[in-house]
Amino acid sequence: AAIMAAAVARRGRLGREGRASLCSFLLGASVAALPLLLGSSPSLLAAPGLRGRLALALHVAGVNAALLLIYPRPLYKIAVRACFLGFAFGCGLLLSAGRSAWRHFGWYMCSLSLFHYSEYLVTAINNPRSLSLDSFLLNHSFEYNLAALSSWVEFTLEKLFFPELKQITWLSTVGLLMVIFGDCLRKAAMLTAGSNFNHIVQNEKSDTHTLVTSGVYGWFRHPSYVGWFYWSIGTQVLLCNPICVVGYALVSWRFFRERIEEEEITLIHFFGEEYLEYKRKVPSGLPFIKGVKLEL
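Sequence order sets the numbering: in each chain, residues are counted from 1 along the sequence as written. Two thresholds apply to this predicted model, a pLDDT of at least 70 for residue-level local features and 80 or more for giving and counting side-chain atom pairs, whereas whole-chain, interface and lining totals are computed over all residues. Excluding hydrogens and water, the side-chain values take into account all heavy atoms of the structure.

## Thoughts on the overall build of the protein chain
Consideration 1: Secondary structure follows DSSP: runs of H or I at least 4 residues long count as helices, runs of E at least 2 residues long count as strands, and numbering of each begins at the N terminus. Helix and strand counts for the protein chain stand at eleven helices and zero strands.
Consideration 2: Listing the helices and strands of the protein chain from first to last along the sequence gives α-α-α-α-α-α-α-α-α-α-α.
Consideration 3: For the protein chain, the residues scored as buried account for 48% of the 296 residues in total.
Consideration 4: Excluding contacts between residues fewer than 6 apart, the proportion of contacts in the protein chain whose partners are at least 24 apart in sequence is 75%.
Consideration 5: Surface accessibility in these figures is a Shrake-Rupley result with a 1.4 Å probe; residues are shielded only by whichever protein chains are displayed. Of the roughly 15,400 Å² of accessible surface on the protein chain, a fraction of 67% belongs to carbon and sulfur atoms. Burial classes follow relative accessibility: with a 1.4 Å probe on protein chains only, a residue under 20% of its type's maximum area counts as buried, one over 50% as exposed, and anything between as partly exposed. Contacts are assigned to residue pairs with any non-hydrogen atoms lying within 4.5 Å of each other.

## Points about the side chain of glutamine 236
Consideration 1: By the secondary structure assignment, glutamine 236 is in helix α9 (residues 223-238).
Consideration 2: In this structure, glutamine 236 is in contact with Tyr108, Ser151, Asn241, Cys244, Val245 and Tyr248, ignoring residues within four places of it in sequence.

## Some words on the pattern of salt bridges
Consideration 1: Only one rule defines a salt bridge in this text: a Lys or Arg side-chain nitrogen within 4 Å of an Asp or Glu carboxyl oxygen. Going through the model one piece at a time under the given rule, you end up with ten salt bridges.
Consideration 2: The closest approach of N and O atoms between glutamate 264 and arginine 221, which form a salt bridge, is 2.8 Å. With glutamate 264 in helix α10 (residues 242-271) and arginine 221 in the loop between α8 (169-193) and α9, this pair connects stretches of sequence that are 43 residues apart.
Consideration 3: On the basis of relative accessible area, arginine 221 is assigned to the buried category, the value being 6%.
Consideration 4: In this structure, lysine 281 engages glutamate 277 in a salt bridge whose closest nitrogen and oxygen atoms are separated by 3.6 Å. Of this pair, lysine 281 and glutamate 277 both sit in helix α11 (residues 273-281), separated by four residues, roughly a single helical turn.

## Examining the side chain of serine 24
Consideration 1: Of note, serine 24 is situated in helix α2 (residues 16-29).
Consideration 2: You can call serine 24 buried: its relative accessible area is 1%.
Consideration 3: For serine 24, the residues in contact, after removing those within four places along its chain, are Leu67, Tyr71, Ala79, Ala82 and Cys83.

## Quick look at helix α7 (residues 142-161)
Consideration 1: One less than the number of residues in a helix, times 1.5 Å, gives the span that helix is expected to have. Between its terminal C-alpha atoms α7 stretches 28 Å, which fits the 28 Å expected from 20 residues at 1.5 Å a residue.
Consideration 2: For α7, the full list of buried residues reads Tyr144, Ala148, Ser151, Glu154, Phe155, Glu158 and Lys159. Taken end-on, α7 shows its buried residues confined to a sector of 125 degrees, consistent with a single buried face. Set apart from the buried face of α7 by more than 90 degrees, the exposed residues are Phe142, Glu143, Leu160 and Phe161. Taking the helix axis as origin, the arc is that swept by the directions to the C-beta atoms.

## So, the layout of surface pockets
Consideration 1: A cavity here means a set of 1 Å grid points, computed over protein atoms only, where a 1.4 Å probe fits but cannot escape. A pocket is an open set with protein on both sides within 12 Å along at least 5 of 7 lines, and lining residues have an atom within 4 Å of a point. Grid points are joined across faces, edges and corners, and a volume is the space filled by probe spheres set on the points. In this model, the largest pocket occupies a volume close to 760 Å³.
Consideration 2: What lines the largest pocket is a set of 37 residues, among which Phe197, Asn198, His199, Ile200 and Glu263 lie closest to the centre.
Consideration 3: The element contributing the most residues to the lining of the largest pocket is α10, with eight residues.
Consideration 4: Taken together, the residues of the lining of the largest pocket sort by class into 17 nonpolar, 15 polar and five charged.
Consideration 5: All the domain ranges listed were derived from an automatic or database domain assignment. Here the lining of the largest pocket spans two domains, and each of domain 1 (1-139) and domain 2 (140-295) adds at least three residues to it. Gly is put with the polar residues, along with every residue not named as nonpolar or charged; the nonpolar set is Ala, Val, Leu, Ile, Met, Phe, Trp, Tyr, Cys and Pro, and the charged set is Asp, Glu, Lys and Arg.

## A few points about the nonpolar core
Consideration 1: One finds Tyr217, Trp228, Trp231, Tyr275 and Leu286 to be the most contacted residues of the largest nonpolar core, which totals 51 residues.
Consideration 2: Looking at this core, the elements that each hand over two or more residues are α4 (51-70), α5 (73-97), α6 (103-126), α7, α8, α9, α10 and α11.
Consideration 3: The biggest single contributor to this core is α9, with eight residues.
Consideration 4: Counting the residues that make up this core, at least three belong to each of domain 1 (1-139) and domain 2 (140-295).
Consideration 5: Those residues in contact with tyrosine 275 that sit more than four places away from it in its chain are Leu211, Arg221, His222, Glu264, Leu267 and Ile268.
Consideration 6: As used here, the term nonpolar core means buried Ala, Val, Leu, Ile, Met, Phe, Trp, Tyr and Cys residues forming a set that is joined through side-chain atoms within 4.5 Å. Of all hydrophobic cores here, the second largest spans 23 residues; its members include Ala29, Ala82, Cys110 and Ile125.

Coordinates in, geometry out; function isn't part of it.
Okay, here's the thing in structure tokens:
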């Protein structure tokens, strides 16, 4: 958060889309304050009874009504997505603060929602011209959504049949540290690249497109992919999902291997010998991935 605040100050005012998203995310996250208003335990979501769930339903309805009144339709589409992610983040905080068996899933909810929202916010700071609803990455791909659903199913089934597996706090803590490291590295890469960063691989070089080799790009050629790789695996370590840990590692590795090869062909086309020299000096950052094998 401090890094993004500094970036906003350095790059100028946040546009109206960014401001709308930030206000809406915080409004959605305000659900975490419900236990204070109700005078109840933070484990509001896990507790039995209808009182807490009724409060959640009223909060959602009230916030959505407020967004409809405040924002015109184009901004409402942004606001409702940011608010949904903020709501998920707030619910994650409630689960994390409780002592239920869902505590670690609360950590996961916070990690997942903050990842997707920060993708939009950093794009709004860095490259507002490329900003769209797709910048939330909520509709990334069918495979991505299937992977997320698979992890939820595995967690739920193993929690039912092997509940002790989901209470290994030290392992979940390792996963949380992986998530924090991966997301911070990815956002640092996005902020360092500035307007050069785009969620879609560019096939045409713009006038402002430059080769970034400083900061985290001096450590790895593809720090945003390195961050995402370890973030994704970390989410499954956090959930203590042994099947998905292996599955995520293999699928993510294959995806980024192909993505890096595709991107490096474009970068060589853009920058020629300059990129080849950079490629020789700096590793990709991902295990056993050297990038495209191509010489001028």
